[in-house]
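Examination of the molecular architecture
Single-letter residue listing:
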Amino acid sequence: MLKLKQRFQYDPSLMLYLPLYELDGAKIMSRDGYGTLCTVTGAMWTPQGHKFDGVDDNINCGNDDRIAYLPNGFTFNVWVNFSALDGVTNHMIVAVDSTASPGRQWELIRLGGDGGRLTFYVIKADGTAYIGRKMSTASALVVGEWAMLTGVWDGGTTTASIKVYKNGVQVDDTDFISGTFTGITDTGSNFTIGAGHGGVAFTPATIGEVEEWRKSVTLPEIQQIYLETKEMYQG
């Protein structure tokens, strides 16, 4: 873990690094080179991360363009363990998104009625067009099991520009698309964890860490991150 943390801290493409198992308090600061200040609402610290109740807990990291507006593509990575999954409720794990003003950009969401499958998609500001990919049924999340989830968008305008990984293995198998998507807009929405901006789609889960890069992280890099972090969560 020490080697991984050092690599993160000196990676100029890393915009956000939040080892939530190390960060406690109402305000927490990211451990990357930028020191983003995030506000914790409700989420409880545990030795494996922050526990979100799925009712009103979230972490808000603000709307600095460095993390909240990356129109040429980005990668996020998050370790998550759901405490509940039902057949109707939407759960946003990490997002820059608001269904109301100021507008929409992207989200990693578990859509209600879709089992434990997750969808990663990028969205036109008014929500009328989007492109995304869904994880396969076989790789759906399970209550009580840790998973490392990675989403990559290379800045393109087709579903081929998006990939979803679970534990270092690509698992997306279904397009999620509507309208004509031409790119994201700087809406001013906040980068949020455990819910969407404005308090929507709260997630009942423990989240161990969150990273975001302003580039398309490669599969070998994703697999290396998984190998270097899985002992913390999966033993």
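Cut-offs applied
- Residues numbered from 1 in each chain as written.
- Predicted model: local features only at pLDDT ≥ 70, side-chain atom pairs only at ≥ 80, totals over all residues.
- Heavy atoms only, no water.
- Helix = DSSP H or I, 4+ residues; strand = E, 2+ residues; numbered from the N terminus.
- Polar contact = N/O pair within 3.5 Å; in protein donor to acceptor, adjacent residues only side chain to side chain.
- Salt bridge = Lys/Arg side-chain N within 4 Å of Asp/Glu carboxyl O.
- Buried < 20%, exposed > 50% of the residue type's maximum accessible area, 1.4 Å probe, protein only.
- Pairing = 2+ DSSP bridges.
- Axes fitted to C-alpha atoms, helices over the stretch in contact; angles between N-to-C directions.
- Phe/Tyr/Trp six-rings, centres within 6.5 Å; stacked < 30°, edge-to-face > 60°.

1. Brief notes about the side chain of Ser 139
With respect to the element layout, Ser 139 can be found in the loop between strand 11 (130-135) and strand 12 (147-153). At 2.8 Å, the side chain of Ser 139 and the side chain of Ser 136 are in polar contact.

2. Concerning the pattern of salt bridges
Pairing between side chains of opposite charge can happen when their charged atoms approach one another. Counting across every chain of the model gives nine salt bridges. For Asp 114, the salt bridge is made with Lys 134, and the minimal N-O distance between the two is 3.3 Å. Residue Asp 114 is found in the loop between strand 9 (106-110) and strand 10 (119-123), and its partner Lys 134 is found in strand 11; the two are separated by 20 residues along the sequence. By relative accessible area, Asp 114 is classed as buried at 16%. Note that Asp 172 and Arg 133 form a salt bridge whose closest N and O atoms lie 2.7 Å from each other. In this pair, Asp 172 is assigned in strand 15 (residues 172-178) and Arg 133 in strand 11, connecting sequence segments 39 residues apart. Each member of the pair Asp 172 and Arg 133 is classed as buried. Within the structure, one salt-bridge network assembled from shared partners comprises Asp 114, Arg 117, Lys 134 and Asp 173.

3. A few points about the environment of Asp 65
Mapped onto the elements of the fold, Asp 65 is located in helix 2 (residues 65-68). Sequence-wise, Asp 65 and Ser 189 are 124 residues apart; in three dimensions their C-alpha atoms are separated by 9.8 Å.

4. Section: the sheet that holds strand 9
Strand order in the open sheet made by the nine strands is 2-3-6-16-8-9-10-11-15, with antiparallel pairing throughout. Looking along the sheet, the strands with just one partner apiece sit at the ends: strand 2 (27-29) and strand 15. Going from strand to strand, the sheet's axes swing by 20° on average, the running direction of each strand aside.

5. Some words on the packing of aromatic side chains
Evaluation of the coordinates by the stated rule reveals 14 aromatic pairs. Ring geometry for Phe 74 against Trp 106: centres 4.8 Å apart, planes inclined by 40°, an arrangement best described as tilted. Within this pair, whereas Phe 74 is found in strand 7 (residues 74-82), its partner Trp 106 is found in strand 9, the two being separated by 32 residues in sequence. Here the two residues Phe 74 and Trp 106 agree in accessibility, since each one is buried. Here Trp 106 and Phe 191 contribute two aromatic rings whose centre-to-centre distance is 6.0 Å and whose plane-to-plane angle is 70°, an arrangement assigned as edge-to-face. Of this pair, Trp 106 sits in strand 9 while Phe 191 is found in strand 16 (residues 191-193), placing the two residues 85 residues apart along the sequence. This pair shows no difference in class: Trp 106 is buried, exactly as Phe 191 is. A network of ring pairs unites the aromatic residues Phe 74, Phe 76, Trp 106, Phe 120, Trp 153, Phe 181 and Phe 191 as a single cluster.

Everything listed is a geometric property; what it means functionally is a separate question.
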